[in-house]
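Descriptive structure summary
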Amino acid sequence: MTTPNLKVDDLHVSIEDKEILKGFGIEINGGEIHAIMGPNGTGKSTLASALMGHPNYEITKGNATFNGEDLLEMEVDERAQAGLFLAMQYPSEVSGVTNADFIRSAINSGREEGDEISLMKFIRHMDDKMGKLEIDSSFQHRYLNEGFSGGEKKRNEILQMLMLEPKIAILDEIDSGLDIDALKVVAQGVNDMRSDDFGCLIITHYQRLLNYVTPDKVHVMMQGRIVKSGGPELAERLEAEGYDWIKNELGIEDETVGQE
Amino acid sequence: MSVDVKGSYDRTYISNFSKDRQEPEWFTNLRLSSLEQADAIELPKPEKTKITDWNFTSFAHTTETKVVNSFDDLDEDIRVLLGEKEQAKNVIVQENGKVTYEKVEADLKNQGVIFTDIETAIREHSNLVEKAYMKEAISTNENKLTALHAALVNGGTFIYVPKDTHVELPLQTVYSVSENFGLFNHILIVAEQNSSLTYIENYVTTQDANDAVANIIAEVYAADGAKVNFGAVDTFSEQVTTYVNRRGHVGRDAEIYWALGQMNDGNTVSENTTYLMGQGSYADSKAVSIGRGEQSQNFTTNIVHYGKNSDGQILSHGVMKDRASSIFNGISKIEKGATKANGEQTERVLMLSEKARGDANPILLIDEDDVTAGHAASVGRIDPLQKFYLMSRGISEQEAERLVIHGFLAPVVGELPVEAVKEQLTEVIERKVY
Ligand SMILES: Nc1ncnc2c1ncn2[C@@H]1O[C@H](COP(=O)(O)OP(=O)(O)OP(=O)(O)O)[C@@H](O)[C@H]1O
Ligand SMILES: [Mg+2]
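Residues numbered from 1 in each chain as written. Chains lettered and ligands numbered in written order. Predicted model: local features only at pLDDT ≥ 70, side-chain atom pairs only at ≥ 80, totals over all residues. Heavy atoms only, no water.

Tallying secondary structure elements over chain B gives ten helices and 19 strands in all. What you see for chain B is a C-alpha radius of gyration of 21 Å, in line with the 22 Å of a compact globule of 434 residues. Dimensions of chain B along its principal axes, counting C-alpha atoms only, are 65 × 50 × 50 Å. Looking at chain B residue by residue over its 434 residues, the buried ones come to 61%. A separation threshold of at least 6 residues defines the contact pool for chain B, and within that pool the share at least 24 residues apart is 82%. Per element, the accessible surface of chain B, about 16,500 Å² overall, is 44% carbon and sulfur. (Helix = DSSP H or I, 4+ residues; strand = E, 2+ residues; numbered from the N terminus. Rg over C-alpha atoms; globule rule 2.2 N^0.38 Å. Buried < 20%, exposed > 50% of the residue type's maximum accessible area, 1.4 Å probe, protein only. Contact = heavy atoms within 4.5 Å. Areas by Shrake-Rupley, 256 points an atom, 1.4 Å probe, with all protein chains shown as cover.)

Right, dumping it as C-alpha cells:
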C-alpha cells in the first residue's frame, strides 16, 4: 500500500472574480499532521473548500495531486472516494435524511454494488464510534445536522471521518465551539486515526487542540498563502504573542486577502 | 353549453342506475336534484389553474367487472399495496367502482364497526348514511363537479365507528380505474364520540386506462373526542383527470390527521378542507406531491376554525420537474369567536427543472383578534451547499439529489400509517423523480 500523499503547488483560487488564494503550496504525507493557523479572512477555509471541489471556487492557477493523480480534475465525490475528507467549518443541515442513512449511503458509495456493508455490521461499527465520541445513540436517527448544536455538529464531522476512514483529512476549525471535554474526545478521535496510512491538515486558531494532537508541522497563512512554517513551537509562540511579530518580520500590513 | 353530460347521463339513466342498485328514495332524489344543479352551476375555479378544457365529463359510467375470489387472483399492482397476505386484515378493493375483493375481520363486526362499500351501505345502512352524507362537510351544489359527483356516485366506502370504540388495525381500500371509466368515488367516515380509527386509501390505474375521469369526495366526521388518521396515496396515470375533495368535520376535542401522498401523473385538482367546529378541535394536514411531464395540478389545503382553542397545522411539500406546473394554496381561516385558535402553515416547493412552474400561496384569513397564526412558504432549488456536503462524503451527485428529495418529502411519507403503503409511496417517489 502506498503512503497517502497530497501535494498542492502554487494554487490560486478566486471566488466571484476576487482572488483569495495566491500561490498556496503544501505537501502532506501519510503519518504526518500539519496545522494551519492564521488570522480571520486569510483564506484557510477557501483552501479547504477548493481542495474538496466546492463549486463556487474557481482554480485559476496551480495544481494539486492526490496520490499522484490530478485532484483538480476529479468531481467532489471522486475526491472523497479517493480518500480525501473535509470536516467543514459550517456543515450543512439536511432535513429528512437521518444521520445513519446518510453515513451508510456514504460508506456504500465507496463500495461495489452487491458489496454493501451489512446493516448489522454498520450498526455495530456506528455504535462503537459513537461511543468513542460520546455521542448519544439518538443522534443516529436525527436528521443530518438539523438542530445540532455547534459542538454536536463538530463531533458529527469527526464521527463521519472515523466511519469513512479517509487517507487525508482536512479539519477546518474542528475545535471551535467545543467545550474542554468535547475537545479531548475529538482529539482522541483524531489520534485514533493516526497511522502511516493517514495524513491530516488541521486548521485552527488555537493552540489548545494541538496540545492533544501534536502536529509535525505548523504553517501560518496570510494573504492567501503560507508565510511561515515551523514545528509545534511555532503554534505555542502564536498563542503567546499573536501574529504581529510575523507581520513585522515580513513587512505585512494587512494580513487578509483583500489587498494586493 | 361547454360542459354537458346530460346527453348520455340524463334523468332516465340516473333513475334506472339508482333502481338497479336498489337505492332508497332519498338517495335517488339526491342524485336527480344534483343533476339539475350540475347543469346550472359552474366548474370550480382553482386559483391560477385553468381547468375549463380538462375532461371531467366524457367517460363510461358503468363497466363489466369480475369479482376476484382470492387474494392471489388480484392484480399484482394491487397486491403489493396490501403487503404480505397476512398483513391485509381489513381491506376492500374496488375496480371501476365495483368490489372485487373484500376481507373484513370478525372482530370488527363484533365491535359494531361498519366497513363496507358505499353501494351496500346506502342499501343496508340507509339511515346512518343519510344522517351525514353530503350534509355538513360538503354540499352537492358547491360547484359543477360536486353536483355531478352526487348525481353519478358509482363507487366508494362507508365506515362507521360507534361511540367509545377503537379500531386497532388500519382499514384499507384500493380503488382502481381502467379504460375510460368515470369513477365517482365517495368515502364517508363517521367516527362517533371518543372513537378512533385509521383509514388508508390507494388510487391506481390499470395499464389500459385511457382518458378516464376521477371525481372523488371523502367526508370525515370526527365527533367529540374522536380521533381519525386518514392516509392516502393517489397514483393515477396521466390518462386520468382528477378532481378530489377531502373534507373533515371535527368536533370538540376531536382530531383528524391527514397524510396525503398526491402522486397522480394526470391533471389534478385536489382540495383538502377541514372544519374545526368544536372547542379544542385539532387538524393536521400533511401532503406531498411530485409534478412531472406536462401535468398541471392545483392543491388547496384549507383549515377553517370555528371552535375556541382549535388548532390547525398545514404542511405541504411539492417537488416539480420537467414542464409540470403546480399551484399550492394553503388557507388558514379563523372565524370570529374562535378565540385562542392557532393556525399554522408551511408550503415548500422544490424545483428540479427550469421549465417547471411551482407557486406557493399561503393565505391567512383571520376574523378574530385573540388568535395566533403563522405561515412560511418557499420555492427553491436543491441547495448547492447541501449537495456539496453530501458529495464530499463520496455520495454521487444523483444519489445526493435523491437523498435531498427523499428528505424533503419525508415529513409526510413518515406519517403514513401502513408500512406497505409507505413503501409503495417511497417507490412511487423514486419512479416519479427519476
Ligand atoms: N462567497 C464569497 N464571496 C465573497 N467573498 C468570499 C466568499 N467566500 C469567502 N470570501 C472571502 O474570502 C476571504 C477568505 O475567506 P476564508 O473563509 O477562506 O477565510 P478563513 O481564513 O477561513 O477565515 P476564518 O478564520 O474567519 O474562518 C474572506 O475575505 C472572505 O470574505
Ligand atoms: Mg474559515
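And the narrative resumes.
Further remarks concern the overall build of chain A. Across its full length, chain A carries nine helices and twelve strands. For chain A, whose C-alpha radius of gyration is 18 Å, the value lies close to the compact-globule estimate of 18 Å for 260 residues. Seen through its principal axes, chain A has C-alpha atoms that stretch 60 × 40 × 35 Å. The buried share among the 260 residues of chain A stands at 52%. The long-range share in chain A, meaning contacts at least 24 apart out of those at least 6 apart in sequence, stands at 69%.

Below, the discussion takes up the coordination of the magnesium ion (ligand 2). All names here are of chain A. With distances of 1.9 to 2.2 Å, the protein atoms coordinating the magnesium ion (ligand 2) are Ser 45 (OG) and Gln 89 (OE1). Pair noted here: Ser 45 is in helix 1 (residues 44–52) and Gln 89 is in the loop between strand 6 (84–87) and strand 7 (94–98), with a separation of 44 residues, a long-range link. Since its relative accessible area comes to 23%, Ser 45 is described here as partly exposed. (Donors = N, O, S within 2.8 Å, 3.2 Å for Na, K, Ca; no water.)

So, about the site of ligand 1. Residue and element names in this part refer to chain A. What surrounds ligand 1 is a group of 16 residues, the closest being Gly 41, Lys 44, Ser 45, Thr 46 and His 205. Between ligand 1 and Asn 40, the relevant distance is 3.0 Å, taken from an oxygen atom to a side-chain nitrogen or oxygen of the residue. Side-chain polar atom of Lys 44 to an oxygen atom of ligand 1: 2.8 Å apart, as the coordinates give it. Contact with the protein chains removes 68% of the 630 Å² of surface that ligand 1 exposes when unbound. Ranked by residues supplied to the shell around ligand 1, first place goes to helix 1 with three residues. Among the residues making up the shell around ligand 1, the classes are represented as four nonpolar, eight polar and four charged. (Near = heavy atom within 4 Å. Polar contact = N/O pair within 3.5 Å; in protein donor to acceptor, adjacent residues only side chain to side chain. Nonpolar A, V, L, I, M, F, W, Y, C, P; charged D, E, K, R; others polar.)

So, about a negative patch on the surface. Side chains of Glu112(A), Glu113(A), Asp115(A) and Glu116(A) sit close together on the surface and give a patch of like negative charge. Residue classification places Glu113(A) among the exposed residues on the basis of a relative accessible area of 79%. (Patch = residues over 30% accessible without salt bridge, like charges linked within 9 Å, V, L, I, M, F, W, Y side chains within 5 Å. Salt bridge = Lys/Arg side-chain N within 4 Å of Asp/Glu carboxyl O. Lys, Arg positive; Asp, Glu negative; His and termini not counted. Charge placed at Lys NZ, Arg CZ, Asp CG, Glu CD.)

We now examine the sheet that holds strand 9 (residues 227–234) of chain B. All names here are of chain B. Within the open sheet, the ten strands sit side by side as 2-1-5-7-9-11-13-15-17-19. Their pairing is mixed. Of all strands in the sheet, those bounded by a partner on one side alone are strand 2 (98–103) and strand 19 (372–380). Across this sheet, the average inter-strand angle for adjacent strands is 10°, counted without regard to direction. Note: strand 17 (residues 342–351) against strand 19, nine bridges, orientation parallel. Residue pairing across strands places Leu 350 opposite Gly 380, the latter belonging to strand 19. (Pairing = 2+ DSSP bridges. Axes fitted to C-alpha atoms, helices over the stretch in contact; angles between N-to-C directions.)

Along the polypeptide, Asn361(B) turns up in strand 18 (residues 357–366). Apart from residues no more than four positions distant in its own chain, Asn361(B) is found in contact with Glu47(B), Lys48(B), Ile327(B), Phe328(B), Asn329(B), Gly330(B) and Glu347(B).

Our focus in this paragraph is the UniProt feature "domain: ABC transporter" (unreviewed entry) in chain A. Mapped onto this numbering, the UniProt entry annotates "domain: ABC transporter" (unreviewed entry) at residues 6–248 of chain A. Note that residues 6–248 of chain A is 37% helix and 29% strand, and that its end C-alpha atoms are spaced 31 Å apart. (UniProt positions renumbered as here; feature names shortened; annotations may be inferred.)

This paragraph deals with the confidence of the model for chain B. With 98% of its residues at a pLDDT of 70 or more, chain B has an overall mean of 93. Across the interface, the model reports ipTM at 0.96; the global pTM reads 0.86. (pLDDT = per-residue confidence, 0-100.)

Scanning all chains against the criterion turns up 17 aromatic pairs over all chains. The structure contains a cluster of three or more aromatic residues connected by ring pairs, namely Tyr9(B), Tyr13(B), Phe17(B), Phe59(B) and Phe184(B). One residue, Arg104(A), lies across the ring of Phe122(A), its end atom 5.9 Å from the ring centre. Stacked on the ring of Trp245(A), the Lys or Arg Arg237(A) has its end atom at 3.6 Å from the ring centre. (Phe/Tyr/Trp six-rings, centres within 6.5 Å; stacked < 30°, edge-to-face > 60°. Lys NZ or Arg CZ within 6 Å of the ring centre and 35° of its normal.)

Helix packing geometry: the angle between the two helix axes and the distance between the axes. Residue and element names in this part refer to chain A. At a closest axis distance of 10 Å, the pairing of helix 5 (residues 150–164) and helix 6 (residues 180–193) adopts a crossing angle of 15°. The orientation of helix 5 with respect to helix 6, classified from their angle, is roughly parallel. Considering only the axes of helix 5 and helix 6, their crossing is left-handed. The segment helix 5 lies against helix 6, with Arg 155, Ile 158, Met 161 and Leu 162 engaging Ala 182, Val 186, Gly 189, Val 190 and Met 193. Looking at the contact of helix 5 with helix 6 residue by residue, the class counts come to seven nonpolar, one polar and one charged. (Parallel < 35°, antiparallel > 145°, perpendicular 65-115°, else oblique. Left-handed = near helix turned anticlockwise from the far one by under 90°.)

This part takes up the side chain of His305(B). Residue and element names in this part refer to chain B. For His 305, the location among the structural elements is in strand 14 (residues 296–305). His 305 gets classed as buried once you look at its relative accessible area, which sits at 0%. In terms of polar contacts, His 305 uses its side chain to reach the side chain of Ser 310, at 2.9 Å. Among all residues touching His 305, those that are not within four sequence positions of it are Leu 276, Ser 310, Asp 311, Gly 312, Lys 333, Ile 334, Glu 335, Ala 338, Ala 341, Asn 342 and Gly 343.

With that out of the way, let us pick up the UniProt feature "domain: SUF system FeS cluster assembly SufBD N-terminal" (unreviewed entry) in chain B. The UniProt entry lists residues 94–172 of chain B under the feature "domain: SUF system FeS cluster assembly SufBD N-terminal" (unreviewed entry), expressed in the numbering used here. End C-alpha to end C-alpha, residues 94–172 of chain B measures 11 Å, and it is 35% helix and 27% strand.

Our focus in this paragraph is the environment of Lys135(B). All names here are of chain B. Mapped onto the fold, Lys 135 is located in the loop between helix 6 (126–132) and helix 7 (144–152). Of the residues examined, Lys 135 reaches a relative accessible area of 44% and is grouped as partly exposed. For the pair Lys 135 and Gly 407, spaced 272 residues apart in sequence, the C-alpha to C-alpha distance is 39 Å. Apart from residues no more than four positions distant in its own chain, Lys 135 is found in contact with Glu 130, Glu 219 and Tyr 221. There is a polar contact of 2.5 Å between the side chain of Lys 135 and the backbone oxygen of Glu 130.

Turning our attention to helix 2 (residues 25–40) of chain B. All names here are of chain B. For helix 2, which comprises 16 residues, the first-to-last C-alpha distance of 23 Å matches the rise-based estimate of 22 Å (1.5 Å per residue) to within 8%. Those residues of helix 2 lying buried are Trp 26, Phe 27, Thr 28, Arg 31, Leu 32, Ser 34, Leu 35 and Ala 38. Contacts made by the buried residues of helix 2 are with helix 1 (11–20), helix 5 (118–124), helix 6 and helix 7. (Expected span 1.5 Å × (residues − 1).)

Once that is clear, we can look at the UniProt feature "domain: SUF system FeS cluster assembly SufBD core" (unreviewed entry) in chain B. Within this structure's numbering, the places UniProt gives as "domain: SUF system FeS cluster assembly SufBD core" (unreviewed entry) are residues 178–408 of chain B. Secondary structure over residues 178–408 of chain B splits into 9% helix and 59% strand, and the C-alpha atoms at its two ends are 32 Å apart.

Before going further, it helps to examine the nonpolar core. Ranked by size, the top nonpolar core spans 111 residues in total, and within it Phe24(A), Leu47(A), Leu51(A), Ile158(A), Met161(A), Leu171(A) and Leu409(B) carry the most contacts. If we skip the residues at most four places from it in the chain, Leu171(A) touches Ala87(A), Ile158(A), Met161(A), Val190(A), Cys200(A), Leu201(A), Ile202(A) and Ile203(A). Residues Val240(B), Trp258(B), Leu260(B) and Ile314(B) belong to the second largest nonpolar core, which totals 41 residues. (Core = buried A, V, L, I, M, F, W, Y, C linked by side-chain atoms within 4.5 Å.)

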